[in-house]
Amino acid sequence: MSNALENPSDRKAYVVTGPTSGIGRATAFELAKYGTVVLVGRDPGKLEEMRELIAQKGQHAVSVVCDLSDLASVRRAAAEIIALHLPIAGLLNNAGMMQPRARNALGWDMTFATNHLGPFALTEALVPHLADGANVVFVGSGTEDPARRPATAVGFRGGRYISAEASARGEWVPGGSAIPGGDAYATSKQCNIVTAMAFARETPRLHFNAVEPGFNPTTGLGQRDANVLLRFLVKYIIPLLVPLLMPFMKILSTSKRAARVISKILTDISGQSGIYYDEGGQPMPGSTFVRDPKFQDRVVAETRALLATVPI
Ligand SMILES: NC(=O)c1ccc[n+]([C@@H]2O[C@H](COP(=O)([O-])OP(=O)(O)OC[C@H]3O[C@@H](n4cnc5c(N)ncnc54)[C@H](OP(=O)(O)O)[C@@H]3O)[C@@H](O)[C@H]2O)c1
């Protein structure tokens with residue numbers, strides 16, 4: 001645990017994307033107990049608010065502005081993080097969203113760009129600067145698995161990957177989900193998990209894992225387009241119900257619980273790598289796609305090729 005009197009630059013550092021809401025916010029607070037937190041987010045005002053809340057507890061955080069849907073912003077943020085010269089012990093790729101039909105400045109599917117391409121580029125830029133034994137965690141989602149009951153029951157049809165280029169164009173294997181943006185979301189989350197698995201094999205000096213954080217109904221993820229009544233329920237009623245329902249619904253979770261599970265993986269020194277953890281921190285198999293090393297390598301190679309087309 002950190003000591004407020006230490007020199008912050010001597011402490012371990014943990015980079016967290018999406019620390020301004022939901023699971024990322026709870027995890028940033030949890031990780032601040034272990035070292036300096038590098039808060040990576042797109043909204044300077046929210047980042048500053050988080051930094052101050054952490055400082056008020058006698059802990060330390062620094063902010064780096066980064067829009068993960070924008071490769072130029074990701075590259076600038078990576079350079080800024082490297083220039084901090086902090087001993088980075090962990091990187092959490094947590095930021096994620098589901099924004100149907102939206103496109104980034106390159107015309108790429110916004111959800112795929114934000115959830116997969118941005119975090120992939122950020123990780124590739126930081127990897128050479130991470131100390132041996134550092135942990136990298138990608139937050140995946142059970143929606144990637146076409147055989148996972150709770151996800152299919154609400155209308156997801158699993159990852160629908162054709163190629164990285166096709167995903168950027170917003171094209172998915174036909175016959176997918178009727179949920180607007182559902183195929184983009186599930187495919188991007190599948191890509192997060194296979195990236196962790198492929199990187200674990202490629203770079204054994206570091207540890208790459210993925211986690212399915214459970215169903216967290218009170219985070220910002222499902223609320224962005226919700227009406228006032230739903231937002232009221234999510235803010236005031238559902239938080240009271242979740243702890244009561246958790247013993248009966250294995251996948252139901254809270255940001256605090258997800259934060260504890262994720263922080264345990266990020267601060268783990270046992271050297272586990274290439275594992276996909278469930279909401280309780282136990283290994284889970286995931287879909288046949290995420291278990292297939294050929295598919296993992298194909299996604300990584302195609303993602304690298306796509307990102308290489310964007311001039312620096
Ligand atoms: N909630 C669930 O049930 C659930 C289940 C499975 C997986 N997950 C995954 O868990 C992760 C966290 O989600 P959450 O539920 O905590 O959602 P959330 O409350 O909406 O938090 C998402 C975070 O990502 C950030 N973000 C979104 N777009 C960004 C961009 N373009 N650049 C930089 N940051 C961006 C948001 O920043 P702003 O504050 O600026 O919007 C926010 O900090 C996601 O990867 C999600 O896919 C969630």
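To be clear, the structure that these remarks concern was listed above.
Residues numbered from 1 in each chain as written. Predicted model: local features only at pLDDT ≥ 70, side-chain atom pairs only at ≥ 80, totals over all residues. Heavy atoms only, no water.

Chemist: Just to check I follow, could you spell out the overall build of the protein chain for this structure?
Modeler: When helices and strands are tallied, the protein chain shows ten helices and seven strands. Looking at the protein chain alone, contacts between residues at least 24 apart form 70% of all its contacts between residues at least 6 apart. Carbon and sulfur atoms make up 58% of the accessible area of the protein chain, which totals about 14,100 Å². (Helix = DSSP H or I, 4+ residues; strand = E, 2+ residues; numbered from the N terminus. Contact = heavy atoms within 4.5 Å. Areas by Shrake-Rupley, 256 points an atom, 1.4 Å probe, with all protein chains shown as cover.)

Chemist: Is there a simple way to explain the pairing of strand E3 (residues 61-65) in this structure?
Modeler: Consecutive side chains of a regular strand alternate in pointing toward one face of the sheet and then the other. Here five bridges tie strand E2 (residues 36-41) to E3, and the two strands are oriented parallel to one another. Among the inter-strand pairings, leucine 39 is bridged to a residue of E3, identified as serine 63. For the crossover that starts at E2, traverses helix H2 (residues 44-56) and ends in the parallel E3, the hand is right-handed. (Pairing = 2+ DSSP bridges. Right-handed = clockwise from strand over helix to strand, strands pointing away.)

Chemist: Just to check I follow, could you spell out the sheet that holds strand E1 (residues 13-17) for this structure?
Modeler: In a beta sheet, neighbouring strands pair by backbone hydrogen bonds and run either parallel or antiparallel. Spatial ordering of the open sheet is given by E3-E2-E1-E4-E5-E6-E7, a layout of seven strands whose pairing is parallel. The sheet terminates laterally at E3 and strand E7 (275-277), the two strands that pair on one side only. Each neighbouring strand pair of the sheet contributes to a mean axis angle of 20°, computed without reference to strand direction. Here helix H7 (residues 182-202) sits on the sheet and contacts strand E5 (135-139), strand E6 (207-211) and E7; the angle it forms with E6, its principal contact strand, is near 155°. (Axes fitted to C-alpha atoms, helices over the stretch in contact; angles between N-to-C directions.)

Chemist: Hey, could you run me through helix H10 (residues 293-308) in this one?
Modeler: Note: α-helices contain 3.6 residues per turn, so residues at a spacing of three or four share the same orientation. With 16 residues, H10 should reach 22 Å at 1.5 Å per residue; the first-to-last C-alpha distance of 22 Å fits that figure. Among all positions in H10, only Phe295, Gln296, Val299, Val300, Thr303, Leu306 and Leu307 are buried. Taken down its axis, H10 places every buried residue within 130° of arc, on the same side. Those residues of H10 that are exposed and angled more than 90 degrees off the buried face are Lys294 and Ala308. Of the surrounding secondary structure, the elements contacted by the buried residues of H10 are helix H3 (71-83), helix H4 (110-126), helix H6 (164-168) and H7. The backbone nitrogen of lysine 294 lies 2.9 Å from a side-chain oxygen of the residue at the head of H10, namely aspartate 292. (Expected span 1.5 Å × (residues − 1). Buried < 20%, exposed > 50% of the residue type's maximum accessible area, 1.4 Å probe, protein only. Arc of directions from axis to C-beta. Polar contact = N/O pair within 3.5 Å; in protein donor to acceptor, adjacent residues only side chain to side chain.)

Chemist: How should I be thinking about the packing of aromatic side chains in this particular structure?
Modeler: Describing an aromatic ring pair means giving the distance of the ring centres and the angle of the ring planes. Scanning all chains against the criterion turns up six aromatic pairs. A centroid spacing of 5.5 Å and a plane angle of 80° characterise the contact between phenylalanine 199 and phenylalanine 208, whose relative ring orientation is edge-to-face. Phenylalanine 208 matches phenylalanine 199 in its accessibility class, with the two residues each being buried. Aromatic ring contacts, followed pair by pair, group Phe120, Phe199 and Phe208 into a single cluster. (Phe/Tyr/Trp six-rings, centres within 6.5 Å; stacked < 30°, edge-to-face > 60°.)

Chemist: Would you mind showing me how to read the packing of H3 against H4 here?
Modeler: Two packed helices can be described by the angle between their axes and the distance between those axes. It is the contact of H3 with H4, at a shortest axis distance of 9 Å, that shows an interaxial angle of 30°. The angle between H3 and H4 falls in the class roughly parallel. Note on packing geometry: the crossing formed by H3 with H4 is right-handed. Across the interface between the two elements, Leu71, Val74, Ala78, Ile81 and Ile82 from H3 touch Leu117, Gly118, Ala121, Leu122, Ala125 and Leu126 from H4. When grouped by side-chain class, the residues that make up the contact of H3 with H4 number ten nonpolar, one polar and no charged. (Parallel < 35°, antiparallel > 145°, perpendicular 65-115°, else oblique. Left-handed = near helix turned anticlockwise from the far one by under 90°. Nonpolar A, V, L, I, M, F, W, Y, C, P; charged D, E, K, R; others polar.)

Chemist: Is there a simple way to explain the nonpolar core in this structure?
Modeler: It is characteristic of soluble globular proteins that their nonpolar side chains tend to be buried jointly. Ranked by internal contacts, the top residues of the largest apolar core, which has 55 residues, are Val38, Ile81, Leu122 and Phe208. Here leucine 122 is in contact with Thr17, Leu68, Val74, Ala78, Ile81, Leu91 and Asn93, once residues within four sequence places are set aside. With 25 residues, the next largest nonpolar core counts Ile23, Leu92, Val137 and Ile265 among its residues. (Core = buried A, V, L, I, M, F, W, Y, C linked by side-chain atoms within 4.5 Å.)

Chemist: So what exactly am I meant to see when it comes to the pairing of E2 here?
Modeler: Most of E2 sits out of view: six of its six residues are buried. Along E2, one buried face is formed by Thr36, Val38 and Val40 and the opposite face, lined by Val37, Leu39 and Gly41, is buried too. The β-α-β motif built from E1, the intervening helix H1 (residues 22-31) and the parallel element E2 has right-handed crossover chirality.

Chemist: Explain the pattern of salt bridges to me, please; I cannot follow it from the model alone.
Modeler: Opposite charge on two side chains lets them pair, provided their charged atoms get close. Under the counting rule described, the total for this entry stands at ten salt bridges. Linking glutamate 202 and arginine 304 is a salt bridge whose minimum nitrogen-to-oxygen distance equals 2.8 Å. Of this pair, glutamate 202 sits in helix H7 while arginine 304 sits in helix H10, and the two are 102 residues apart along the sequence. Salt bridges sharing common partners tie together Glu124, Glu202 and Arg304. (Salt bridge = Lys/Arg side-chain N within 4 Å of Asp/Glu carboxyl O.)

Keep in mind these numbers describe shape, not what the thing actually does.
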